[in-house]
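# Results of the structural survey
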Amino acid sequence: MQSSLPLTIDRAAGLPLHLQLAEQFRAAVLDGRLQAGHRLPSTRDLARELGVSRSVTQAAYDQLHAEGWIEGRTGAGTFVTDVVPLQPVVRRRPAHRPDADAKLLTLRPGIPYIAPTPDPGWRRAWREVSTQSPPRGYDDAAGLPALRAALADHVARVRGIACGPENVLVTNGTVHGLRLLLTVTRQPGDRIAIEDPGYLNAVVAARDHRLEIVDVPVDEDGLQVDALTEAAAVYVTPSHQYPLGGRLPVARRNELVRWARRTGSLLIEDDYDSEFRYDVAPLPALAQLDLERVVHLGTLSKTLSPALRLGWLVASEAMVDRLATFRADSGDWPGWPMQAAMLAMLRDGYLDQAVRRGRRMYADRRTHTCAVLSPYGQIVGQDAGLHITLLLPDDADDLRIAAAAREAGVVVAPLSEYRRTVPGPPGLVIGYATPSTSDLHRALTTLTEILSRR
Ligand SMILES: Cc1ncc(COP(=O)(O)O)c(C=O)c1O
C-alpha cells in the first residue's frame, strides 16, 4: 500500500514492517526524495494510509528519531532533520536479494537439489556435533586438524592430489579461499588472467583487490593457454570451464604448468563441480601436477549446499602457513560447529553418498534438458556439472530472452552476463539441478515456448 511518504509495505519480504519503513525512509532522505524540513504525517495517519497498526509506524519513527533522521518540534509535529547525505555507496550490481527469486522457478546455474527433508546422514552429523562441547579456546586458524587430515585423504582419493593435512586449509567456500589468497599474495596493480567468459565472482574479487584483469579466451576445451600473456596469477576452471563447460586436455594442462613455472605465475584452480561427471571420470586435478605452482579450491556448495559456506584450499605447506598466519590475525575462518559437522560428513561417507545420489539424479535431468533444448541451438558443457550452456544464433538477444523467461516465471542466466571483452555467440546458461524434476520439466516447457517465439 502507498502512503503520502515514499514508503510501501511488503508483507512477503520477511523483514519486520517497522524496519522496512525505516530503511525506505533513510533511502528517500539520502537520495533527496525527502528533504530536510519536510513535515511527516502523524504515526496514526501514516498507519491508516499504509494499512498497518500504529505500533508499526510508532516503532519506525522511534528508530528514525533515535538515529537522528527526524525530530519532533513541540506543538508543530515531526520533521525530517537536516542530514547531510554521505556520498552514496556505489553498487556494482543490484544488492543480492535471494528472496526476490523465491517464487520463480530457477534454472540459474550452480545450486544443487536440496531435498525438503533432511536425510539420516545429515542428522547424524549434527547430532554428533551437539553432543560435544566446543574447544576451550581459539581453534587452529588453518582448520581443525582432524578435518584437514580427512580433507587431505578426500582430495587424494577423489582428485588425485598427493598431499597431507599440512597442505589443506578449511575455507568458507571457493570465493572465500580466492579472496584470502588474493589478499595475502597479491599487490594492487598485479595482473591476473581470468577466463572470458568466466566466473563473475572471481572477476569481482580481482577488481576488489585492484588487480589488472587480463581476459583470456576459452574454446570448447577450456582456457586457451597459448593466448596467455604476462600475468602474476591465472584463475582457471580446468575440470569444467565455467560457464562453457570445456575440460582442459592433458596437453594444455602440462603447457599451463610449464608456462607458470617459466613465468613464476600462480595458478588458481577452481574445482567447483568436478564431482559430477557423466561420461568418463574427471581428470585428476591440475594441482596434482605441481602443488608449488597451483592452488586448488574445492567446495561443498555443489555437492551439499552453498548455504553451508564450506570448502577447502590445497596448496604448498609454505602457502598454507602464510594464509593461516594471516587468518590467525584476522579471525576469519569457519566456526567450530561447521567444521565438526563437515568432518562427520566426510568420515561417515555422507558426502560420497550425496555425490553418488546427485550424479544419478542429475544424469537423467541433464539428458532431458539436452533433449528438450537441442532444437534451439548448440548445447555445450553437458558432460559434467550442474548446468549446460545453450549457444544461440548470433542474432539472438540472450538478455531479452532471459527477461522474457523471468516475466513468465523462470530464471535463466544469459551467457552475455559472463562475457567481458572476448566476443562470442549469445546463449543461455541453464542449471538443471535446483528444481524438483517436475518443476524442471515445467520450466523447460516455458523456456521452449519463449525460444520458439524468438
Ligand atoms: C565457477 C564457480 N566457482 C565456485 C563456485 C562456488 O563458490 P562458493 O564455494 O564460494 O560457494 C561457483 C558457484 O556458483 C561457481 O560457479
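Residues numbered from 1 in each chain as written. Predicted model: local features only at pLDDT ≥ 70, side-chain atom pairs only at ≥ 80, totals over all residues. Heavy atoms only, no water.

The name an unreviewed UniProt entry assigns to the chain is GntR family transcriptional regulator/MocR family aminotransferase, from the organism Kribbella pratensis. Check the Sequence similarities (unreviewed entry) section of the UniProt entry for the chain; it says "In the C-terminal section; belongs to the class-I pyridoxal-phosphate-dependent aminotransferase family." (UniProt positions renumbered as here; feature names shortened; annotations may be inferred.)

### A word on the packing of aromatic side chains
A complete count under the given rule lists five aromatic pairs for this structure. When the centroid spacing of 5.4 Å and the interplanar angle of 85° are considered together, the rings of Y242 and Y272 count as edge-to-face. Taken together, the residues span a long stretch of sequence, with Y242 in the loop between β9 (233-236) and α8 (250-263) and Y272 in the loop between β10 (266-270) and β11 (294-299) at a distance of 30 residues. Its relative accessible area of 10% is what places Y242 among the buried residues. Residues Y242 and Y418 carry aromatic rings whose centres are separated by 5.6 Å and whose planes lie at 75° to one another, so their mutual orientation is edge-to-face. Of this pair, Y242 sits in the loop between β9 and α8 while Y418 sits in the loop between β16 (413-414) and β17 (427-431), placing them 176 residues apart in sequence. Across the pair, Y418 and Y242 agree in class, each one buried. Each residue in the set Y199, Y242, Y272 and Y418 is aromatic and connected to the rest through ring pairs, giving one cluster. The ring of F79 carries R73 above its face, with NZ or CZ at 4.0 Å from the centroid. (Phe/Tyr/Trp six-rings, centres within 6.5 Å; stacked < 30°, edge-to-face > 60°. Helix = DSSP H or I, 4+ residues; strand = E, 2+ residues; numbered from the N terminus. Buried < 20%, exposed > 50% of the residue type's maximum accessible area, 1.4 Å probe, protein only. Lys NZ or Arg CZ within 6 Å of the ring centre and 35° of its normal.)

### Digging into helix α6 (residues 174-185)
Side chains of residues three or four places apart in an α-helix project in the same direction, reflecting 3.6 residues per turn. Taking 1.5 Å of rise per residue, the 12 residues of α6 would be expected to cover 16 Å, and the 16 Å separating its terminal C-alpha atoms lies within 8% of that figure. Counting buried positions over the 12 residues of α6 gives 10, a clear majority of the element. By the burial criterion, the buried members of α6 are T174, V175, H176, G177, L178, L180, L181, L182, V184 and T185. (Expected span 1.5 Å × (residues − 1).)

### Section: the packing of helix α4 (residues 120-130) against helix α10 (residues 336-347)
A pair of packed helices is captured by two measures, namely the crossing angle of their axes and the spacing between those axes. Between α4 and α10, the shortest axis-to-axis distance is 9 Å and the interhelical angle comes to 130°. Comparing the axis directions of α4 and α10 gives the class oblique. At the point where α4 passes α10, the crossing takes the right-handed sense. Here W122, A125, W126, E128 and V129 of α4 come into contact with α10, specifically with W336, P337, M338, A340, A341, A344, M345 and R347. Broken down by class, the residue content of the contact of α4 with α10 amounts to 11 nonpolar, no polar and two charged. (Axes fitted to C-alpha atoms, helices over the stretch in contact; angles between N-to-C directions. Parallel < 35°, antiparallel > 145°, perpendicular 65-115°, else oblique. Left-handed = near helix turned anticlockwise from the far one by under 90°. Contact = heavy atoms within 4.5 Å. Nonpolar A, V, L, I, M, F, W, Y, C, P; charged D, E, K, R; others polar.)

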